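What follows is each chain in one-letter form.
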Amino acid sequence: MKNKDSNIDKNNETENVPSERRKFLSRLGKVAVAGAAVGAIGVKPFIGGKTEEVVAQKLGNVKSRRAARCYQLRVDAAQKHFDGFANEYHTNNNDEYLYGNKIANYTKGLPHNSNGEVSLTAYNSLMRSLRGTPAEFEQIPMGGNRRLVNPQSGMAYDMEGKDSQGFHIPPAPAFASRENAAEIAENYWMAILRDVAVEEYSNSPIARAAVADLNLFGDDFKGAKNSSGQVTPDTLFRGLTTGDKAGPHYSQFFFQQCYLGVCEVSQRIKTVLSPADGGQDFMTDFNKWLEVQNGVSQGNCLYDPIPRYLRNGRDVGQWVHIDLVFQAYMQAFLIMCTTLHAPFDKGNPYAGSATQEGFGTFGAPHAAVLMTEVASRALKAVWFQKWFVHRRLRPEVFAGRVHQKLYRNADYPVHSEILNSASSSNRLGKYLSPGNALLPMAFPEGSPMHPSYGAGHACVAGACTTILKAFFDESTVIQNPLVPDSTGTVLVPYSGAENLTIGGELNKLASNVALARNVTGVHWRSDATESLKLGEELAISILRDQAGCYMEQFNGFSLTKFDGTTITV
C-alpha cells in the first residue's frame, strides 16, 4: 500500500524514484557485486605486508599497499553508512493530503487564483517533476519571472559522510495546530519589533506585550524560556542552548575585531532604513502579496547611508539577506585565530608536541577548509527535506491564510488562538493595521523560491559551528566582550557578569543566523531548531569518516552538542 506521508510505495521502493536515480542505483548494484567479489579474496583487514601483497596481486590494478589501504578505508566507510541507513520512509505532517487545495504547502512561483490558492494543475506538475526526470522540471507552469531554487540538489550524492537522504527531521507542526499558531505569533512579534534594539527589550512596552502574548500559548510555544518556563524580555527571540541565553543577544563573533590575512574586516554592515526613516516593510497589501506568491519580482530596499553594527532585527535580517552561507562561521574562525588566539581542542594530536604543529591536518587550514566544505553537504541534505519530504509553506503564506480567514471569510482551519491574538486590541491586533493580518516582510521578494522546512541557513549554521567546536577549545573565555550602542555606530564594553565562552558564542552565532531568517518573516521557529540539529548530525558524520584517515595518534575531538551532551568524535 502507499505510505502517504512519504510518497514512497513500500511494496515497490523504486516506484517514485526518478528514473535517472534508478539507473544510478542499478550501477551501484553492479559495484556492490564487484565489491563482494573483492571481499571474497580477502581485502580486509590489510594488516601485515603479506596480506597486502596478496591483495595487490589479486586486484591486479592495485600497485601498492597504500592503494589497498585507501581502497579499504572507502569500502569500510561505505559499509558503515549502508548499515546505518535507517530507512527511506521520511514522514511529513500529512497536510498535503489533508487539504486538497494545498493551502498548507509551498506553492510560491506557481500560478494562484485571486484568493491566493495555487493552480492544482501547476502543483501536480511540480509533484510529477519531483518524482520524474530532470526534463520534467522544465514543464512546470510558472506564475511570474522568479524561478524555483535547485530542487534537484536534494537528489545529489556525496562521497563523504552520511548520504543526504539518510538524515531525518520530524514532521513540522501541522497547519491547524496550536503550535503552528504559536510559531506564526512569534513571527508577527519579530516583525513588529524589528526596529527595537535587542538590548532594549527589557525597557520596551512592545517587547513586554510580545512576552505576554507568547506566554498565553504555554507549552505550545517552543521558544526560549527562563528556568520557570516563562518567556521573558531577556529570552525573547533567542535560541535554546545555554550559550544562547548567556550575555548579549548577538554573538561576540559579530563584534570582535576580525582580520582576513592582513586585511581588517569591518563588522559594520550596510543595513536598510526602517519605516520611520523612510524605508518600508513589504507585502502588507493583499494584491502585492498575491503578486509575490505568483513569483513576480518586487521593488528594492532603501539603504541606510551610515554603516552600523548589528543592533536590531532589521539589521540582522539584512545580514542574512545577502550573506554567503558560511560567512558568519568563517568570520568566527578568523576571529578565533587572529584576535582571540583561541587554543585548539585538547584532543588535537599536536597539542603537546615539542617538534611539530598541525597545518593540512589538525591545523588552521584543515579547520577552515572543512568548515566550509560541510556547508555544501548541509545544503544538499536540507534541500532533500524541503522539496522531497515536507514542502512546508512559508510564514508569509500562513499569515495570508490568517488574513483571509479573519477578513475575507475564507474557510481555512486556522487555530483560534492566533485568530484571537491577531484580531484583539489587547494582543497582536493592537500593532497590526486595522483589517490587515498580513505579515510585514523585511524583503521585497518575501521568501526565497524553495519550501520552508528545513532551513538552509540553519542547517549550514549547525554544520559549520560543529566543526569549529570540534577544532577549538570550547571552554575558552572571550575577554573584553562588546556590544553596540543604541545607534549601532560604536561598540562599548559589555558590563554583564557572565563568562562568555567560545562554545557558547558559537551556539549563539548559529541561532542568531537561523532565527534572523525568522525575524525577516521567511522561516519558522521549528525550521531553525530542527535544521540546526540536522547540520550538526551531518558534520559529525563527516568527522567520523575522517577519524581513521590520519597518520597522527588521534583519539578524537570532544565537542558539546546543541542539546548539551558532550561527545568524542
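This structure is a prediction, so every number in the text was calculated from the model and none was measured.

Thresholds, definitions, all that
- Residues numbered from 1 in each chain as written.
- Predicted model: local features only at pLDDT ≥ 70, side-chain atom pairs only at ≥ 80, totals over all residues.
- Heavy atoms only, no water.
- Phe/Tyr/Trp six-rings, centres within 6.5 Å; stacked < 30°, edge-to-face > 60°.
- Helix = DSSP H or I, 4+ residues; strand = E, 2+ residues; numbered from the N terminus.
- Buried < 20%, exposed > 50% of the residue type's maximum accessible area, 1.4 Å probe, protein only.
- Lys NZ or Arg CZ within 6 Å of the ring centre and 35° of its normal.
- Axes fitted to C-alpha atoms, helices over the stretch in contact; angles between N-to-C directions.
- Parallel < 35°, antiparallel > 145°, perpendicular 65-115°, else oblique.
- Left-handed = near helix turned anticlockwise from the far one by under 90°.
- Contact = heavy atoms within 4.5 Å.
- Nonpolar A, V, L, I, M, F, W, Y, C, P; charged D, E, K, R; others polar.
- Core = buried A, V, L, I, M, F, W, Y, C linked by side-chain atoms within 4.5 Å.

> Is there a simple way to think about the packing of aromatic side chains in this case?
Centre distance and the angle of the planes are the two values used to describe a pair of aromatic rings. One pass over the full model with this rule turns up 19 aromatic pairs. Considering the side-chain rings of Phe-384 and Phe-388, the 5.8 Å spacing of their centres and the 15° angle between planes classify their relative orientation as stacked. Residue Phe-384 and its partner Phe-388 are both found in helix H13 (residues 364-390); the two are separated by 4 residues, about one turn of the helix. With respect to class, Phe-384 is no different from Phe-388; both count as buried. Among the aromatic residues, ring-to-ring pairing joins Tyr-350, Phe-362, Phe-471, Tyr-550, Phe-554 and Phe-557 into one connected group. Residue placement shows Arg-401 over the ring face of Tyr-412; its charged tip is 5.7 Å from the ring centre.

> What is the right way to look at the packing of H13 against helix H18 (residues 525-546) in this model?
For any two helices packed against each other, the geometry comes down to the angle between their axes and how far apart the axes lie. One can describe the packing of H13 onto H18 by two numbers: an axis separation of 9 Å at closest approach and a directional angle of 125°. Looking at the two axes, H13 sits oblique to H18. Two packed elements cross with a definite hand, and for H13 against H18 that hand is right-handed. Judged by residue contacts, His-366, Leu-370, Val-374, Arg-377, Ala-378, Ala-381, Val-382 and Gln-385 of H13 engage Ser-531, Leu-534, Leu-538, Ile-542, Leu-543 and Gln-546 from H18. Here the contact of H13 with H18 is built from residues that sort into 9 nonpolar, 4 polar and 1 charged.

> Which parts of the structure should I look at to understand the nonpolar core?
Within the largest apolar cluster, 145 residues are counted, with the highest numbers of intra-cluster contacts made by Tyr-188, Leu-236, Tyr-329, Phe-333, Val-402, Ile-418 and Leu-468. Take this core: its biggest share by element is 14 residues, from H13. In contact with Ile-418, other than residues within four places in its own chain, are Ala-181, Ile-184, Ala-185, Tyr-188, Val-402 and Leu-428.

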